[in-house]
Amino acid sequence: MWDVVHLTRIYTRTGDGGKTRLVDMSLTDKTDPRVAAYGDVDEANSALGVALATGELSESVITLLARVQNELFDVGADLGNPLLTSYAHEPLRITQQYVDRLEAACDTFGAPLPALRSFILPGGTAAAAQLHVARTVVRRAERTAWSAVERYGTEPAAGDSPGGVSLLAITYLNRLSDLLFILARVANTDRTGGDVLWIPGGDRNRSADESGDQA
């Protein structure tokens, strides 16, 4: 069981030299891809907060996203904690159960949706548009995490080498982006009756011509 975090002072002045500490207290650059990855996760969580604040989402989606927001803190803790062969205290890690829950939610919320006839434009309701923002930030977090893998690998630290990055944390981000795409569709189905679809260039021209003829 994790203890409640107590924050007694927000500013510490310890990061003014371009350095920061990871979860295991090791010192690194603020431009480290590990730091960038959990920073992107934090940004995604904030975008979800805006989606929730619109007041347009159903209770079932609100409950799901509240859980996801908490889990994103777990993802950030995982990405910020290099893999080691042993620990004085067992770190918080993303497990397969986290991923399984996201996949189950994708199935539950995706099953009633109509088949797609085109790509979807980010729009419709404010909540749906914001969920698309969150989705794209999660995708960026996934890419940034893979950049960290390119630098550090995925294996526990050996000798003086830094510890690698947890692949399950990255898998979680991949599945979450899928879920947010589905939930954006749900938000528009609940409020506007459907998706905002991309109209390819040629079809856009034909639509404009038809509108002109009708005028």
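In this text, all values refer to a predicted model and were calculated from it rather than measured experimentally.

Criteria and thresholds
Residues numbered from 1 in each chain as written. Predicted model: local features only at pLDDT ≥ 70, side-chain atom pairs only at ≥ 80, totals over all residues. Heavy atoms only, no water. Phe/Tyr/Trp six-rings, centres within 6.5 Å; stacked < 30°, edge-to-face > 60°. Helix = DSSP H or I, 4+ residues; strand = E, 2+ residues; numbered from the N terminus. Buried < 20%, exposed > 50% of the residue type's maximum accessible area, 1.4 Å probe, protein only. Contact = heavy atoms within 4.5 Å.

The tally for this structure, following the rule as stated, stands at two aromatic pairs. Judged by centre distance (6.3 Å) and plane angle (75°), the rings of Tyr98 and Tyr172 are edge-to-face. Of the two residues, Tyr98 sits in helix α3 (residues 96–110) while Tyr172 sits in helix α5 (residues 167–191), which places them 74 residues apart along the sequence. In this pair, the class of Tyr98 matches that of Tyr172, namely buried. Summarising the aromatic geometry, the rings of Phe119 and Trp198 are spaced 5.7 Å apart at their centres and angled 50° between planes, so their arrangement reads as tilted. Of the two residues, Phe119 is situated in the loop between α3 and α4 (126–152) and Trp198 in the loop between α5 and α6 (201–214); the sequence distance between them amounts to 79 residues. The exposure class assigned to Trp198 is partly exposed, which follows from its relative accessible area of 36%.

All right, on to the environment of Leu57 then. Counting through the fold element by element, Leu57 comes out in the loop between α1 (33–53) and α2 (59–79). Judged by its relative accessible area of 10%, Leu57 falls in the buried class. Spatially, the C-alpha atoms of Leu57 and Leu183 are 9.3 Å apart, while their sequence positions differ by 126 residues. Setting aside residues no more than four positions away along its own chain, Leu57 makes contact with Ala51, Leu52, Ile62, Leu65, Ala127, Leu131 and Ala187.

What follows concerns the side chain of Glu71. Positionally, Glu71 belongs in helix α2. Among the residues examined, Glu71 registers a relative accessible area of 4% and is labelled buried.

This part takes up the environment of Gly76. For Gly76, the position within the fold is in helix α2. Here the alpha-carbon distance between Gly76 and Arg34, two residues 42 residues apart in the chain, equals 9.4 Å.

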